[in-house]
Structure formats: structure tokens, C-alpha cells
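Single-letter residue listing:
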Amino acid sequence: MAPGNGSLVTAFILVGLTDQLDLQVPLFFLFLLMYMVTLIGNLSLIILIGINSHLHTPMYFFLFNLSFTDLCYSSVFTPKMLIDFLSKENIISYMGCMTQFYFFCFFVVSECYVLTSMAYDRYVAICKPLLYNAAMSPKVCSSLMLASYLMAFSGAMAHTGCMLRLTFCDANTINHYFCDIHPLLQLSCTSTYVTELVVFIMACINIIVPNLTIFVSYGLILSSILHIKSMEGRSRAFSTCSSHIIAVSLFFGSGAFVYLKSSSSGSMDEGKISSVFYTNVVPMMNPLVYSLRNKDVKSALRKTLRRRKY
């Protein structure tokens, strides 16, 4: 039986990042290197936070989840992308495409809310320091993460459910290196109105709510920092937020650049190149940002390495 709601397509062809054969091997090694850095960086943070008791705080609990999300997120499409660089025909089955699309949506939405939870944590730490232990108790932190993953699950189910309703007749060539929303919508031979409406509603919820929360949190944080009299105190307070600000800017900035554009074929070609940034670069950069700019992480790494020597 053909998959989907009357769909005649059983497999898709991924155009990939480029069709220039002389670039395939260099790009393979470039993205393999990036993927290895992503795996090593995020796994290292996960292990460091897990084995060092002084990192068992709310901030590092959220960082643990961010690293886990980045690790899974990059693994949704990078291995397939690497295989396709060395393959003559970049084929992905219909169900494989829908599965990739589901996990892509799940981990993207997860990252939105993990970053939002981290912004709330920084707000409480700087603006309500005396209430921090009560406001960011283990129960509260676990509840925030549970809510993040539930929002991700509902968003991914909504997007994938609507995509499964579409019929794909003859066109099966996806102008991308993974199964993304706009390239799939372009291939449908039936009305995409309901799917586009759901995409719009879910985007409003999963983009506006996290961004509004982050902006309000940092507005209040900035106000509190400006009331600190000493320059040293201001610098210390700002340094605790700088890594998170960079992570938020990289993720939401690159995502907005890709999705807040028209879905024409010309912009699609630009979009798949731009999407490399949030699908491959951001998961690689987050552990580097949090390790290179964080004294606690660097201290934990030194202690762990010293223990390994003995």
C-alpha cells in the first residue's frame, strides 16, 4: 500500500547542498569534521556535568539538556547528509522522510524552550537572588524541562500529522538536504492550506512565546544590572548571561533568517545554504561558547583530566 493519504510517492530524492561533483568530497570532510566537533563537544559537556557534583545546579541542568538536544538535533540529518555526499542517488523513503521531519520538529521546538528556561533561570539568579533556591528548585527545573519536551512533542505531532495528510503524486525531488517544511509543501499535489495554517499557528506559539519570554527576562535583567553601582558587579552579572545571549542569538537569528523569507525556488536555494548555520553550526558552537566562556566548566574539565592521570 502506498504511504500517506493517497500518496503515490514511496520515496523522495534529496537534491542536497550542491550538485557540483567536485565539491562533494571536500564538503563531506568539512561536515564530518563539524559533526565530530559537535559530538565531542556536547558529549563532553554532558559527561562533565554528570560526574562533577559542583555543576549540579539549575543552570547546568539546563545546559545538560541543551547539549543533549543539540546532540540529537544534529544527528537527525547530518549522518544522512554525509552519506549523500558520497552517493550517486540521494534517496530517502517516504516514511524515512516523515520520521526525519518529525524529529527535526521535535528537537527544534525543544531547543526553543530549553533556551527559554535558561533565560528564566538567569532572570531569577540576577533579579531575585534571595529566592533563587526556592524558585529554581529541582522540582521546578524538572517541570520546566518536562513542559519543554511536551511542547516539542505536541508541535512535532501537529506538523507531521498535517504533512502525512498531503498527497504527493509525481514530483518527488526535494530541493534540500533534509526533509524540511517548505520543500515538502512545494511538492504536494493537493491543497496545503490546512498544513500551512497549522505551521503558522504552531510557529506563532513556539516562536513568539519563547522570544517574548526571553526578551522580557533580559529586559528585567538589564534593568537590574544598571542598578548595580560597582562596575565589577555589573561585569560579573553580565558575564553570567553572555554565553546564553550568544546561544540565543545564533539559534533564533539563523532560524529567522531562513524561515522569515518567501518559499520561492530562488529563496529555497539560498535557504538550504543558510540552514546549514542552524542545523550544523549552532549545535557545534553551543558547547564551545559555554566551555570557552565558562570558568566552572573549564575548572571541572581540568579536575576531571587530573583525576584521569592518577
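Structure's up top.
Everything numeric here is computed off the predicted structure, so don't read it as measured data. (Residues numbered from 1 in each chain as written. Predicted model: local features only at pLDDT ≥ 70, side-chain atom pairs only at ≥ 80, totals over all residues. Heavy atoms only, no water.)

**A few points about the overall build of the protein chain**
Reasoning step 1: Helix and strand content of the protein chain: 10 helices and three strands.
Reasoning step 2: Reading the helices (α) and strands (β) of the protein chain from amino to carboxyl end gives β-α-α-β-α-α-α-β-α-α-α-α-α.
Reasoning step 3: Here the C-alpha radius of gyration of the protein chain, 21 Å, is about what a compact globule of 310 residues would show, namely 19 Å.
Reasoning step 4: Along the first, second and third principal axes, the C-alpha set of the protein chain runs to 65 × 45 × 35 Å. (Helix = DSSP H or I, 4+ residues; strand = E, 2+ residues; numbered from the N terminus. Rg over C-alpha atoms; globule rule 2.2 N^0.38 Å.)

**Focus: the nonpolar core**
For soluble globular proteins, the rule of thumb is that nonpolar side chains tend to be buried together.
Reasoning step 1: Ranked by size, the top nonpolar core spans 82 residues in total, and within it Phe-12, Phe-31, Phe-104 and Leu-184 carry the most contacts.
Reasoning step 2: Broken down by element, the residue count for this core peaks at 21 residues, all from helix α3 (residues 94-127).
Reasoning step 3: What Leu-184 contacts, discounting residues up to four positions off in sequence, is Phe-12, Cys-97, Met-98, Phe-101, Met-163, Phe-168, Ile-174 and Cys-179. (Core = buried A, V, L, I, M, F, W, Y, C linked by side-chain atoms within 4.5 Å. Buried < 20%, exposed > 50% of the residue type's maximum accessible area, 1.4 Å probe, protein only. Contact = heavy atoms within 4.5 Å.)

**Section: the packing of aromatic side chains**
Reasoning step 1: Applying the stated criterion to the full structure yields 19 aromatic pairs.
Reasoning step 2: On the basis of an interplanar angle of 20 degrees and a centroid distance of 6.3 Å, the ring pair of Phe-103 and Phe-107 is categorised as stacked. With a gap of four residues between them, Phe-103 and Phe-107 both fall in helix α3, about one helical turn apart.
Reasoning step 3: Here Phe-103 falls in the partly exposed class, since its relative accessible area comes to 38%.
Reasoning step 4: The rings of Tyr-73, Phe-77, Phe-104, Tyr-177 and Phe-178 are connected pair by pair, giving a single aromatic cluster. (Phe/Tyr/Trp six-rings, centres within 6.5 Å; stacked < 30°, edge-to-face > 60°.)

**Some details on the pattern of salt bridges**
Reasoning step 1: For the structure on display, the rule yields two salt bridges.
Reasoning step 2: A salt bridge links Arg-122 to Asp-121, with the nearest nitrogen and oxygen atoms 2.8 Å apart. Like Asp-121, Arg-122 is buried. (Salt bridge = Lys/Arg side-chain N within 4 Å of Asp/Glu carboxyl O.)

**Description of the packing of α3 against helix α5 (residues 138-165)**
Reasoning step 1: Their axes nearest at 8 Å, the elements α3 and α5 cross at an angle of 150 degrees. Relative to α5, α3 is oriented roughly antiparallel. Relative to α5, the crossing made by α3 is right-handed. (Axes fitted to C-alpha atoms, helices over the stretch in contact; angles between N-to-C directions. Parallel < 35°, antiparallel > 145°, perpendicular 65-115°, else oblique. Left-handed = near helix turned anticlockwise from the far one by under 90°.)

**Thoughts on the packing of helix α2 (residues 58-85) against α5**
Reasoning step 1: Contact geometry for α2 and α5: axes closest at 10 Å, N-to-C directions at 25 degrees. One element, α2, and the other, α5, form an angle in the roughly parallel class. Crossing handedness for the pair α2 and α5: right-handed. On α5, the residues touching Pro-58, Phe-61, Phe-62, Asn-65, Phe-68 and Thr-69 of α2 are Cys-141, Ser-142, Leu-144, Met-145 and Tyr-149.
Reasoning step 2: Of the residues in the contact of α2 with α5, the class split is eight nonpolar, three polar and no charged. (Nonpolar A, V, L, I, M, F, W, Y, C, P; charged D, E, K, R; others polar.)

**Side note on helix α1 (residues 21-51)**
Reasoning step 1: Over its 31 residues, α1 runs 45 Å from end to end, which matches the ideal 45 Å to within 8%, given 1.5 Å per residue.
Reasoning step 2: Of all the bends in α1, the greatest measures close to 25 degrees and is centred on Leu-27. (Expected span 1.5 Å × (residues − 1). Bend = angle between axes of the 7 residues up to and from the residue.)

**Here's the deal with the pairing of strand β1 (residues 11-14)**
Reasoning step 1: A one-sided burial pattern is seen for β1, the buried positions being Phe-12 and Leu-14 and the unburied ones Ala-11 and Ile-13.
Reasoning step 2: The pairing of β1 with strand β2 (residues 91-93) spans three bridges and is classified as antiparallel. By the bridge assignment, Phe-12 is partnered in β2 with Ile-92. (Pairing = 2+ DSSP bridges.)

**Concerning a positive patch on the surface**
Reasoning step 1: Together, Lys-295, Lys-298, Arg-302, Lys-303 and Arg-306 make up a positively charged patch on the protein surface.
Reasoning step 2: With respect to the helices and strands, Lys-303 occurs in helix α10 (residues 295-309). (Patch = residues over 30% accessible without salt bridge, like charges linked within 9 Å, V, L, I, M, F, W, Y side chains within 5 Å. Areas by Shrake-Rupley, 256 points an atom, 1.4 Å probe, with all protein chains shown as cover. Lys, Arg positive; Asp, Glu negative; His and termini not counted. Charge placed at Lys NZ, Arg CZ, Asp CG, Glu CD.)

**Things to note about the environment of Met-202**
Reasoning step 1: Along the chain, the position of Met-202 falls in helix α7 (residues 193-226).
Reasoning step 2: According to the relative accessible area criterion, Met-202 is buried, its value standing at 14%.
Reasoning step 3: Between the alpha carbons of Met-202 and Ala-147 there is a distance of 16 Å; along the sequence they are 55 residues apart.
Reasoning step 4: Setting aside chain neighbours within four positions, we find Met-202 in contact with Ser-154, Gly-155, Ala-158 and His-159.

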